[in-house]
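# Architecture and fold: a report
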Amino acid sequence: MPEEREHSWIRELEHKYRSRAARITLLVRILQIALFAAFIILWETAVRSGWIDELLFSYPGKIARMLGELAASGSLLPHTMTTVAETTAGFVLGTLGGTALAALLWWFPVVSRVLDPYLVVLNSMPKVALGPIFIVGFGPGYLSIIMTAVSVTIIITTLTIYGRFREIDANYLKVVRLFGGTRGQVFRLAVLPGSLPTIVSTLKVNVGLSWVGVIVGEFLTAKSGLGYLIIYGFQVFNFTLVLSSLIVIGAVAAVMYGLVSLIEARLSPGYRDR
Amino acid sequence: MDVMLRLSGVSHAYVGPGGAALAVDGLNLDVAAGEFVSLVGPSGCGKTTILNLLAGLIKPSRGTVELAGEKVSGPNPRIGYMLQQDYLFPWRNIRDNALIGFEIAGTRGPEAERRVDRLLAEFGLAGAARRFPHELSGGMRQRAALVRTLAREPDVLLLDEPFSALDLLIRLQLEDLVWETVRARGVTAVLVTHDLEEAAAMSDRVVILDASPGRIRTVLDVPASIRARQPSEARWEPEFGPLFHRLRGMIQDSEGGGPGHARGAGTQLDSRA
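Residues numbered from 1 in each chain as written. Chains lettered and ligands numbered in written order. Predicted model: local features only at pLDDT ≥ 70, side-chain atom pairs only at ≥ 80, totals over all residues. Heavy atoms only, no water.

Per an unreviewed UniProt entry, chain B goes by the name ABC transporter, ATP-binding protein and belongs to Thermobacillus xylanilyticus.

Named according to an unreviewed UniProt entry, chain A is ABC-type nitrate/sulfonate/bicarbonate transport system, permease component originating from Thermobacillus composti. Check the Sequence similarities (unreviewed entry) section of the UniProt entry for chain A; it says "Belongs to the binding-protein-dependent transport system permease family." Its UniProt record gives chain A the following Subcellular location (unreviewed entry) comment, quoted word for word: "Cell membrane". (UniProt positions renumbered as here; feature names shortened; annotations may be inferred.)

Right, here's the structure in full:
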């Protein structure tokens, strides 16, 4: 068609734009990898040349060997799985519990007014300080570790999501009420779905917070898990073990965060394009 | 003539931390079945308050609101309401948005879905049924909101400046569409607007309100020649110009708060209307 020939220059522009964008993406990736490689090389060299203390900082080669040994002996996976399970339980329970509490506050405005100062105090308190109490209350083990993670996440989740509940445009609530909707229907059809993006982004923040709670919990009480490996390594002055555990934590935490971001991206288009 | 809506001695005061504010005072108004009535007036005349009272969203402090002889005590599916904007739920596609009235009533089923599909087609939205609101233009969204309201087959349609957020051309098209829909279905309509031209072109009667508190100042009958034409055409009727000027004169008087309207001392200005 003649029309197509006329507009071939537009396609050319588009093509140019795309290949330029692809080149920039490639450059970014190369720089990211180069930065990582430079860091590893610098670390290794610094230790080998005696610039920094090997006992304290270990070095990449030794850490890689340690990880290999741990994996071969079959103890790395159980420790990792324990911590991953505790962290997942922590952020899922923290987010669900926080959402439920926020729903309670929305449903009973008087309760929300009564609880307001308590929530403010709880929120500004360092929740991991409650760890010892959880250990006594729930016994030394998974439950008190998960509770520590939940305590870190739940209050801030409640406050964030309750804030979102109250921000929903009153006209959406009006639409449901005009059709004779009950308070429960207003919540289910307008308030909760309207807050879903906030709930998911809270979930993302809670992944990070839950790690803090779980590692501290494991410091205090655990007999397995990555936090336990760190404390054990510290006690026997094996900093290679400490750093190896840290690297596993970093990798697993990044994967978890990526998975939650994937959930966020799968939200229906109507949510994302508001 | 059957009375569809009746306001008898209706006054309403909002009470809040800043004190009480009288929004509307001593309203008496009958709207006949199938009639199209517009409410116009300066800001603060309680237009939206009146619609909320008619819809049963708020209970009047004094007086009664009746729908077909029965006291209105809460939202009622017989009364449809169109808001200033579409307020379609962004996470539902157009069809699911239009079906929400049935979902709330617990009557969503094949029959309801057929009815909504038919209405969507009738309003030129068949191709947009599976689309999300953000993919549609403002005019299409407001049409979808109209489908959502009409799907429950209301006897009364309350219109709260539903065209005010639209471009002029789209506004004229929608005015015609709503006018024809209301006529064809024998629906009783109450339109709140600040656009005097729109009020004159669409309605059978125009109610002019005073502000602070809202009171009925006067009611103007629209000549038959204008009533007979659809809104976009009605504007070209020879009688339209004089009608518009009369309306404007009355509104200006009411905004000036002429000597006869100094009553109601002690009431505060109400920003909610």
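Here the narrative resumes.
### A word on the overall build of chain A
Along chain A, the regular secondary structure elements total 13 helices and 0 strands. For chain A, the α and β elements follow one another from N to C terminus as α-α-α-α-α-α-α-α-α-α-α-α-α. Against the 2.2 N^0.38 benchmark of 19 Å for 274 residues, chain A shows a C-alpha radius of gyration of 25 Å, more extended than a compact globule. Projecting the C-alpha coordinates of chain A onto the three principal axes gives extents of approximately 75 × 75 × 30 Å. Buried positions account for 38% of the 274 residues belonging to chain A. Looking at chain A alone, contacts between residues at least 24 apart form 71% of all its contacts between residues at least 6 apart. Of the roughly 15,800 Å² of accessible surface on chain A, a fraction of 70% belongs to carbon and sulfur atoms. A gap of 7 Å separates the mean positions of the 23 positive and 16 negative side-chain charges of chain A. (Helix = DSSP H or I, 4+ residues; strand = E, 2+ residues; numbered from the N terminus. Rg over C-alpha atoms; globule rule 2.2 N^0.38 Å. Buried < 20%, exposed > 50% of the residue type's maximum accessible area, 1.4 Å probe, protein only. Contact = heavy atoms within 4.5 Å. Areas by Shrake-Rupley, 256 points an atom, 1.4 Å probe, with all protein chains shown as cover. Lys, Arg positive; Asp, Glu negative; His and termini not counted. Charge placed at Lys NZ, Arg CZ, Asp CG, Glu CD.)

### Section: the side chain of Glu161 of chain B
All names here are of chain B. Residue placement: Glu161 occurs in the loop between strand S7 (156-160) and helix H6 (168-185). Here Glu161 is buried and forms no salt bridge, its nearest opposite-charge partner Lys47 lying at an N-O distance of 4.3 Å. Residues within four places of Glu161 in sequence aside, it is in contact with Lys47, Gln84, Val192, Thr193 and His194. (Salt bridge = Lys/Arg side-chain N within 4 Å of Asp/Glu carboxyl O.)

### Quick look at the UniProt feature "domain: ABC transmembrane type-1" (unreviewed entry) in chain A
Following the UniProt record, the feature "domain: ABC transmembrane type-1" (unreviewed entry) maps to residues 80-264 of chain A here. Regarding residues 80-264 of chain A, the helix share stands at 88% and the strand share at 0%, and the terminal C-alpha atoms are separated by 25 Å.

### Things to note about helix H4 (residues 110-122) of chain B
Residue and element names in this part refer to chain B. The end-to-end C-alpha distance of H4 is 18 Å, a good match for the 18 Å that 13 residues give at a rise of 1.5 Å each. Looking only at H4, the buried set comprises Ala112, Arg115, Val116, Leu119 and Leu120. In a view along the axis of H4, the buried residues occupy a sector of 135°, so they form one face of it. Among the exposed residues of H4, those oriented more than 90 degrees off its buried face are Pro110, Glu111, Arg114 and Arg118. On its buried face, H4 sits against helix H2 (94-98), helix H3 (100-105), helix H5 (138-150) and H6. Where H4 ends, the next residue or the one after it, Gly124, has phi of about 70°, a positive value. (Expected span 1.5 Å × (residues − 1). Arc of directions from axis to C-beta.)

### Describing the UniProt feature "domain: ABC transporter" (unreviewed entry) in chain B
Taken from the UniProt record, the annotation "domain: ABC transporter" (unreviewed entry) applies to residues 5-236 of chain B. Structurally, residues 5-236 of chain B is divided into 34% helix and 28% strand, and its ends, taken at the C-alpha atoms, are 31 Å apart.

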